[in-house]
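One-letter residues, chain by chain:
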Amino acid sequence: MLVLGIETSCDETAASVVKEKDEVLSNVVLSSINLHKEFGGVIPEIAHRFHSRFIDRVVEKALKQAKVDLKEIDLIAVTYGPGLMGALIVGVSFAKSLSFALKKPLIGINHLHAHLYSALMDKEIEFPFVGLVVSGGHTALVLAYDYDKYSLLGQTQDDAVGEAFDKVARILKLGYPGGPVIDKLTQGTKSRMVEFPRSYLAKDSLDFSFSGLKTAVFYYVKDNYSNKQIPDEDKVSIASGFQEAVVDVLVYKSLSACKQNNINRLVIGGGVSRNLRLRGRLIDEAAKEDIEVYFPKSNLCLDNAAMIAGLGTKLYRKGIKSDFYLTPDATLSV
Ligand code: KG4
Ligand code: ZN
């Protein structure tokens, strides 16, 4: 079976062709990130226009790279939420039109489920497992019973973790998106780490809060540097102190979720799962508790359509598909 995946939930216009058993034949991602840089965050209208302009070319390129003709596609899988409404409309409408014209089945995919699936591409995992989604728009711990059955264990009460990385990078004038910059800047550093507060919320809570940490970084910079330039070395100390506070909480709560539910499989997905400090700490700490951790390959951490096509195949094989009433759902939950 050949599946065409389409993803337009945020600022990446993506298409991919995946063959049965998660063989990725192409994985094309065109990002509008440079157009959002000057604003320090994604501007929905710019993302929408970008998707409308490039979706056909991105799909064409994915087919060409896979050496597959449109007529050979057996299933079209598309992200229908959560995400930016204007952005989702482009992908869903395009997928529906293709499905109608080609008379091929259509399946709507939850972007959050797909982020977790990206860690499981071409792997078999036993259910249930605990999933941690860490991206620019989401921070959630879930219990996965099957590829389409999840229950929410906890989520952020304010900023998403990727958003906190982006905002802290902005405070430190490191550029956008902040996650990759902070990750790179802090790698292998022996600098002193500035100590920032960790927010664990109530005892045993699996919810998160990162806005207090971001505010603590803001006031630390304001109090210590006011209008002065922050020396590069101090930026590293602040960034690594912030990152450590984030990682401490993510690791602690992910392992708590496993222990509270008596599960020893942990799956991580979303843009922040690329973070090397998070990966290293999770691998070490999970090993001590006999918990297996699954991460996506580096090229599948950020938004992409291979995870959409891969999950689409799995769900279709279970008899799940969508009809022409499929509508984008910007606030779709896990
Ligand atoms: O999953 P994603 O591509 O989009 C959403 O669904 O939101 O995640 C993007 C987010 C951004 O906030 C970005 O700063 C963060 O993931 N990110 C990282 C890293 N790479 C991307 N955060 C920490 N470390 C990284 N290496
Ligand atoms: Zn995402």
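Counting of residues starts from 1 at the beginning of each chain's written sequence and follows it residue by residue. The lettering of chains begins at A and the numbering of ligands begins at 1, in the order of writing. Selection of residues for local features in this predicted model requires a pLDDT of at least 70, selection of side-chain atom pairs for listing and counting requires 80 or more, and totals for whole chains, interfaces and linings are taken over all residues. With hydrogens and water stripped out, all remaining heavy atoms of the structure feed into the side-chain values.

A. Molecular detail of the packing of helix H8 (residues 232-261) against helix H9 (residues 276-288). As a rule, the C-alpha atoms of each element are fitted with a line to give its axis, helices using only the stretch in contact, and angles between N-to-C directions run from 0 to 180 degrees. Counting from the N terminus, the helices are the DSSP runs of H or I reaching at least four residues and the strands are the DSSP runs of E reaching at least two. At their nearest, the axes of H8 and H9 sit 10 Å apart, and the two run at 35 degrees to each other. As H8 packs across H9, the resulting crossing turns out to be right-handed. Seen from H8, the contacting residues are Gln243, Glu244, Val247, Asp248, Leu250, Val251, Ser254 and Leu255; seen from H9, they are Arg277, Leu278, Arg281, Leu282, Glu285 and Ala286. In this classification, Asp, Glu, Lys and Arg are treated as charged, Ala, Val, Leu, Ile, Met, Phe, Trp, Tyr, Cys and Pro as nonpolar, and every other residue, Gly included, as polar. Of the residues in the contact of H8 with H9, the class split is seven nonpolar, two polar and five charged. Here is the rule for handedness: rotate from the far helix to the near one, and if that takes an anticlockwise turn smaller than a right angle the crossing is left-handed, while a clockwise turn gives right-handed. Here, residues are in contact when the closest pair of their heavy atoms is within 4.5 Å.

B. View of the sheet that holds strand S8 (residues 149-155). Strand order in the open sheet formed by five strands is S8-S7-S6-S9-S10, and the pairing between neighbours is mixed. Taken across any chain shown, the strands that pair with only one partner, and hence form the sheet edges, are S8 and strand S10 (292-294). In this sheet, neighbouring strand axes are inclined to one another by 25 degrees on average, regardless of whether the strands run parallel or antiparallel. Looking at chain direction, strand S6 (residues 129-134) and strand S9 (residues 265-269) are connected through four bridges and run parallel. Its bridge partner lying in S9, valine 133 is registered against glycine 269. Any two strands between which DSSP finds at least two bridges are classified as paired.

C. Just the packing of aromatic side chains, in detail. Here a Phe, Tyr or Trp ring, Trp counted by its six-membered ring, pairs with any other such ring whose centre lies within 6.5 Å, and the pair is stacked when the planes are under 30 degrees apart, edge-to-face when over 60, and tilted otherwise. If you walk through the whole model with that rule in mind, you get ten aromatic pairs. When the centroid spacing of 5.3 Å and the interplanar angle of 85 degrees are considered together, the rings of tyrosine 200 and tyrosine 252 count as edge-to-face. Of this pair, tyrosine 200 sits in the loop between helix H6 (178-186) and helix H7 (211-225) while tyrosine 252 sits in helix H8, placing them 52 residues apart in sequence. On the accessibility criterion, tyrosine 252 (48% relative accessible area) is partly exposed. Relative to tyrosine 219, the ring of phenylalanine 218 lies with its centre 5.2 Å away and its plane at 85 degrees, an arrangement referred to as edge-to-face. The exposure class of phenylalanine 218 is partly exposed, given its relative accessible area of 39%. Overall, the relative accessible area of 43% leaves tyrosine 219 in the partly exposed class. Counting every residue linked through ring pairs, the aromatic cluster contains Tyr117, Phe127, Phe129 and Tyr147. By definition here, charges over rings are those cases where NZ of Lys or CZ of Arg is within 6 Å of the ring centre and within 35 degrees of the ring normal. Its guanidinium or amino end placed over the ring of phenylalanine 208, lysine 253 lies 5.9 Å from that ring's centre, counting from NZ or CZ. Classification of residues uses two cut-offs on accessible area relative to the type maximum, computed with a 1.4 Å probe and protein chains only: under 20% is buried, over 50% is exposed, and between them is partly exposed.

D. Geometry of the domain arrangement of the chain. Domain boundaries assigned for the chain yield domain 1 (2-116 + 300-317) and domain 2 (125-296). Note: domain ranges come from an automatic or database domain assignment. Computed from C-alpha atoms alone, the centre-to-centre distance between domain 1 and domain 2 is 27 Å. Opposite the 18 residues of domain 1 that make contact, domain 2 presents 20 residues. Two parts lose some accessible area (1.4 Å probe) when they are put together, and adding that loss for both gives the buried area. Taking both sides of the interface into account, the surface hidden between domain 1 and domain 2 amounts to around 1700 Å²; carbon and sulfur atoms contribute 75%. Summed over the three residues of domain 1 that lose the most area to domain 2, namely His115, Leu116 and Cys301, the buried surface amounts to 38% of that side. What makes a salt bridge here is a side-chain nitrogen of Lys or Arg within 4 Å of a carboxyl oxygen of Asp or Glu, nothing more. Applying the counting rule to domain 1 against domain 2 returns zero salt bridges. Two N or O atoms count as a polar contact when they lie within 3.5 Å, although within protein this holds only if one can serve as hydrogen donor and the other as acceptor, and sequence-adjacent residues are included solely when both atoms are side-chain atoms. At the surface where domain 1 touches domain 2, the tally comes to one residue pair in polar contact (both at pLDDT 80 or more). For the side of domain 1 that touches domain 2, the secondary-structure elements that each account for two or more residues are helix H1 (33-36), helix H4 (111-117) and helix H10 (306-317).

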